[in-house]
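An overview of the molecular structure
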Amino acid sequence: GQQLNQSPQSMFIQEGEDVSMNCTSSSIFNTWLWYKQDPGEGPVLLIALYKAGELTSNGRLTAQFGITRKDSFLNISASIPSDVGIYFCAGPIEGAQKLVFGQGTRLTINP
Amino acid sequence: NAGVTQTPKFQVLKTGQSMTLQCAQDMNHNSMYWYRQDPGMGLRLIYYSASEGTTDKGEVPNGYNVSRLNKREFSLRLESAAPSQTSVYFCASSVLGNYGYTFGSGTRLTVV
């Protein structure tokens, strides 16, 4: 089945640093989504990408839809304490109303 | 506007016991989903309901059943709980054809 692999699995950074993470698949996806999960809560949608090569920003977050349609990237600039959490990439299973999620990247920020 | 409401928030079961996890959404969404989250495994789809009156298996359906009671409610039942079902369970909903899911805050289930 379609699977998504995220890296790194965890990151430990200092406040103010920039963050980069990625998501790859052996299958083509026509949509890429990035969700964030705060501790003790459900995931919340951050950014949705619909076109190969697309670059979309949401405040300090920037995500890119890879041109091969098999990967996506998320960058966070000038990290702040509230960026702590788990970041998931996701993509829709072709022909079905359902998403497959990556394993997540856990971000920890040292003040 | 409550969004997606899950009950209970925490539950401890003994092996072999049964229980139903409840989920309700007030956004008039067509589609609803149940995922489980385990460390290092991400979110795995158990069952989903693309629209009222339909349900389909996801990636890990064994040991679970679901009921789409009406457009608002989608319940998940464990008939005979096993320790392997210890997990955090999330319900989500979306507009049909849209992948921007709204998630509930989860049910943390421990089976001993």
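First things first, this report covers the structure right here in the doc. These numbers were taken from a predicted model, which means no experiment stands behind them.

**What about the pairing of strand 3 (residues 19-24) of chain A?**
Residue and element names in this part refer to chain A. Only one face of strand 3 is covered, namely the one carrying Val-19, Met-21 and Cys-23; the face carrying Ser-20, Asn-22 and Thr-24 has none of its residues buried. Alignment of strand 1 (residues 5-7) against strand 3, held across three bridges, turns out to be antiparallel. Along strand 3, the bridge assignment pairs Gln-6 with Cys-23. Sheet topology note: the strand 3/strand 8 (residues 71-76) ladder contains six bridges and is antiparallel. Paired with Cys-23 across the bridge in strand 8 is Ser-72.

**Notes on the packing of aromatic side chains**
Taken as a whole, this structure holds 13 aromatic pairs over all chains when the rule is applied. Ring geometry for A:Tyr35 versus B:Phe103: centroids 5.9 Å apart, planes at 85 degrees, classification edge-to-face. Separated into two different chains, A:Tyr35 in strand 4 (residues 32-37) and B:Phe103 in strand 10 (residues 102-103) make up a pair that spans both. With a relative accessible area of 0%, A:Tyr35 lands in the buried category.

**Quick notes on the sheet that holds strand 8 (residues 74-78) of chain B**
Strand pairing within a sheet occurs via backbone hydrogen bonds; the two strands may be parallel or antiparallel. Residue and element names in this part refer to chain B. With respect to topology, four strands assemble into an open sheet ordered 1-3-8-7, the strand pairing being antiparallel. Since the sheet does not close on itself, it has two edges, and those belong to strand 1 (4-7) and strand 7 (64-68), each with one partner. With direction set aside, neighbouring strand axes in the sheet form an average angle of 15 degrees. Looking at chain direction, strand 3 (residues 19-25) and strand 8 are connected through three bridges and run antiparallel. Bridge pairing links Thr-20 to Arg-77 in strand 8.

Procedures and definitions
- Residues numbered from 1 in each chain as written.
- Chains lettered and ligands numbered in written order.
- Predicted model: local features only at pLDDT ≥ 70, side-chain atom pairs only at ≥ 80, totals over all residues.
- Heavy atoms only, no water.
- Buried < 20%, exposed > 50% of the residue type's maximum accessible area, 1.4 Å probe, protein only.
- Helix = DSSP H or I, 4+ residues; strand = E, 2+ residues; numbered from the N terminus.
- Pairing = 2+ DSSP bridges.
- Phe/Tyr/Trp six-rings, centres within 6.5 Å; stacked < 30°, edge-to-face > 60°.
- Axes fitted to C-alpha atoms, helices over the stretch in contact; angles between N-to-C directions.

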